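Architecture and fold: a report
Letter by letter, the chains look like this.
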Amino acid sequence: MPVNIKQLAQEFDKKEIGITQGHRLCPGCGAPITVKFVMMIARHLGYEPVVGLATGCLEVSTTIYPYTAWSVPYIHNAFENVAATMSGVETAYRALKNKGKIPEDKKYAFIAFGGDGGTYDIGLQSLSGKIERGHKVLYVLYDNEGYMNTGNQRSSSTPPGSDTTTAPVGKKLPGKVQLKKNIVEIVAAHENVYAATAALSEPMDFFAKVEKALNFDGPSFLAVFSPCVRFWRVNDDKTVEISKLAVETKYWPLYEVERGVYRVTRKPRQFKPVEEFLKAQGRFRRLLSRPDAKEIIDELQEYVDRRWERLLALEEVTKDKPIR
Ligand SMILES: Cc1ncc(C[n+]2csc(CCOP(=O)(O)OP(=O)(O)O)c2C)c(N)n1
Ligand code: SF4
């Protein structure tokens, strides 16, 4: 029987999670919930987490000198290279084990956390290198769809029509015009990897994927839909609701790819139009008042529909056919 939230709450009533209260993230931010879910499962499974964190909202808000909210071995590095740093950390621990300086049976979970800026954009090469070299590190992307720490600039994860400071919705342009980069496909293309998406509104699915990722014999990657209540312009009690809408509208499909084998892990019987997801957030307000809003929404709807059909087709065709 997989562990549920109630059991985790009881277990961690007496045990530290690894990140404590007192950090300065906005109330309702998806990032600390993401961290807690990952760390709780790691600890529940008997792993000791060793964490690397790229520069970004999560980092600046949890490590304000001279304080830290982290109570596990932790290393901060530049915006672009958390995967490279954690490759080194994982190798160092392996060497120490080989030399007998760490007990053979001690289980460590090497976890790299990064925002979408540090993952889709500037840290992509270091992420690719980590996976290609086969480091057993779980990379957790908290995807808040923008460079939030520096004030809401667009990233290659920002969806079209979202209002950002570097691609604002105005008279001439409808905000960002490009679709979101498909990071999971890029990671999955490394073949010898476990890659999955997760949402805070689907904790059981989330927990199962963390367990699979940590127990996978090789590199793993989890893309977590992580609302930024501040710049998505939603109330701080709407984090779970927005995550739910993202799944229910096909905006954020829940699936996994294990050595090339696709599995869609949630298949809602009925979907809502993607417009409902957009309407629930202030970052799309200016888009929705433009005369060409319908065209942009239709294009997004068409994209999410096609991607969903493609995922189902991939699930069918890759069944029992791992690429390595
Ligand atoms: C090479 C480099 N360019 C720019 C910066 C400035 N910078 C620090 S954090 C950040 C944005 C981080 O965005 P993301 O990774 O999405 O994390 P978030 O802040 O959204 O949590 C930027 C641009 C930097 N630290 N290093
Ligand atoms: S600005 Fe956004 S990502 Fe940053 S702490 Fe606030 S809610 Fe979280």
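The structure reproduced in this document is the subject of the present report. Because the structure is predicted, anything quoted here is derived from the model rather than measured. Residue positions within a chain follow its written sequence, with the count starting from 1. Here every chain gets a letter starting at A, and every ligand a number starting at 1, in the order they are written. Per-residue local features of the predicted model are confined to residues with pLDDT of at least 70, and side-chain atom pairs are confined, for both listing and counting, to 80 or more; whole-chain, interface and lining totals are unaffected and use all residues. Hydrogens and waters are ignored; side-chain quantities use all the structure's heavy atoms.

Attention now goes to the site of ligand 2. Lining the immediate surroundings of ligand 2 are Leu25, Cys26, Cys29, Cys57, Asn144, Cys228, Val229 and Arg230. Classifying every residue of the shell around ligand 2 by side-chain character gives six nonpolar, one polar and one charged. One heavy atom within 4 Å of a molecule or strand makes the whole residue count as near it. Amino acids are sorted into nonpolar (Ala, Val, Leu, Ile, Met, Phe, Trp, Tyr, Cys and Pro), charged (Asp, Glu, Lys and Arg) and polar (every other residue, Gly among them).

Our next topic: the site of ligand 1. Close contacts around ligand 1 come from 17 residues, with Gly117, Gly118, Tyr142, Gly146 and Asn149 the closest. At 2.8 Å, a backbone N or O of Gly117 approaches an oxygen atom of ligand 1. All accessible areas in this document rest on Shrake-Rupley with a 1.4 Å probe, and a residue is counted as covered only by the protein chains that are shown. Out of a free accessible area of 590 Å², ligand 1 has 75% covered by protein chains. The numbering of helices and of strands both runs from the N terminus, where a helix is a DSSP run of H or I of at least 4 residues and a strand a run of E of at least 2. Of all the elements, helix α5 (residues 116-121) adds the most residues to the shell around ligand 1, at three residues. Split into classes, the residues belonging to the shell around ligand 1 amount to six nonpolar, nine polar and two charged. Here a polar contact is recorded for every N or O atom pair within 3.5 Å, except that within protein the pair must consist of a potential hydrogen donor and a potential acceptor, and residues adjacent in sequence are included only if both atoms are side-chain atoms.

We now examine the pairing of strand β2 (residues 74-77). With four bridges connecting them, strand β1 (residues 48-54) and β2 associate as parallel partners. Within the sheet, the bridge partner assigned to Val51 lies in β2 and is Tyr74. On the question of chirality, the crossover connecting β1 to the parallel β2 by way of helix α3 (residues 57-62) is right-handed. At least two bridges found by DSSP between two strands is the condition for calling them paired. Crossover handedness is defined here as right-handed if the route from the first strand over the helix to the second strand goes clockwise, with the strands pointing away from the viewer.

The next subject is the environment of Phe12. Tracing the chain through its elements places Phe12 in helix α1 (residues 5-14). A relative accessible area of 10% means that Phe12 is categorised as buried. A C-alpha to C-alpha distance of 7.7 Å links Phe12 and Met40, two positions 28 residues apart in sequence. Two residues form a contact once any of their heavy atoms are found within 4.5 Å. Apart from the residues lying within four places of it in its own chain, the contact partners of Phe12 are Ile17, Met40, Arg43 and His44. Between buried and exposed lies partly exposed: a residue is buried under 20% and exposed over 50% of the maximum accessible area for its type, with that area taken using a 1.4 Å probe on protein chains only.

Turning to the packing of aromatic side chains, a few remarks are in order. For Phe, Tyr and Trp, rings pair up if their centres lie within 6.5 Å, where Trp contributes its six-membered ring, and each pair is then called stacked (planes under 30 degrees apart), edge-to-face (over 60) or tilted (otherwise). Enumeration over the complete set of coordinates arrives at 18 aromatic pairs. Ring centres 5.8 Å apart and planes at 25 degrees place the aromatic pair Tyr139 and Phe221 in the stacked group. Taken together, the positions of Tyr139 in strand β4 (residues 138-143) and Phe221 in strand β6 (residues 220-225) put the pair 82 residues apart, joining distant regions of the chain. The class for Tyr139 is buried, based on a relative accessible area of 1%. Accessibility expressed as a relative area gives 1% for Phe221, which makes it buried. For the ring pair Phe271 and Trp308, a centre distance of 5.0 Å and an interplane angle of 75 degrees mean the geometry is edge-to-face. Of this pair, Phe271 sits in the loop between β8 (261-264) and α10 (274-279) while Trp308 sits in helix α12 (residues 293-318); the two residues are 37 residues apart in sequence, bridging distant segments of the chain.

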